[in-house]
Amino acid sequence: MEWLKQFIELINDNAGVIAVFSFVAAIVVPIVIYRMQRQDAIRDAKQDAQDQLDAMNEVSRFSFTEEGRKHYAKKGYLRKKANR
């Protein structure tokens, strides 16, 4: 029981330091989590663009219809997006 009293006194004596660490953690932890989620989202977007680009490579390059132009415009956009 004596050790519990000493432990509580130790916490009371260092309450200011504990409060500062808690304050810093309350600010830093959400920032770190946000950055990690943002990197995951960027990686997923790049992978999606690369997957779509790979799927588009099966189409012939020599069609010049409106649909073909849209296809190659989208392909160029996805290539740029995947390489970021």
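Structure: above.
Residues numbered from 1 in each chain as written. Predicted model: local features only at pLDDT ≥ 70, side-chain atom pairs only at ≥ 80, totals over all residues. Heavy atoms only, no water.

A. The overall build of the chain, seen in detail. Helices and strands together make up the secondary structure of the chain, namely 3 helices and 0 strands. Helices and strands appear in the chain in the N-to-C order α-α-α. Counting across all 84 residues of the chain, residues that qualify as buried make up 10%. Of the roughly 7500 Å² of accessible surface on the chain, 61% is carried by carbon and sulfur atoms. (Helix = DSSP H or I, 4+ residues; strand = E, 2+ residues; numbered from the N terminus. Buried < 20%, exposed > 50% of the residue type's maximum accessible area, 1.4 Å probe, protein only. Areas by Shrake-Rupley, 256 points an atom, 1.4 Å probe, with all protein chains shown as cover.)

B. Just the pattern of salt bridges, in detail. Inspection of every chain in the model, using the stated rule, returns 1 salt bridge. Notably, a salt bridge pairs Arg43 with Asp40, separated by 3.0 Å at the nearest N-O pair. Here Arg43 and its partner Asp40 are both found in helix α2 (residues 15-56), 3 residues apart, which amounts to about one turn of the helix. Taking relative accessible area as the criterion, Asp40 reaches 35% and is therefore assigned partly exposed. (Salt bridge = Lys/Arg side-chain N within 4 Å of Asp/Glu carboxyl O.)

C. Focus on the environment of Gln47. Tracing the chain through its elements places Gln47 in helix α2. Along the primary structure Gln47 and Lys81 are separated by 34 residues, whereas in three dimensions their C-alpha atoms are 9.6 Å apart.

D. Molecular detail of the packing of α2 against helix α3 (residues 66-82). Packing of α2 against α3 brings their axes to within 8 Å, and their N-to-C directions diverge by 145°. The element α2 and its partner α3 pack so that their crossing is left-handed. Residues Ala45, Lys46, Ala49, Gln50, Gln52, Leu53 and Met56 of α2 pack against His71, Lys74, Lys75, Leu78, Arg79, Lys81 and Ala82 of α3. A breakdown of the residues in the contact of α2 with α3 according to their chemical character gives 6 nonpolar, 3 polar and 5 charged. (Axes fitted to C-alpha atoms, helices over the stretch in contact; angles between N-to-C directions. Left-handed = near helix turned anticlockwise from the far one by under 90°. Contact = heavy atoms within 4.5 Å. Nonpolar A, V, L, I, M, F, W, Y, C, P; charged D, E, K, R; others polar.)

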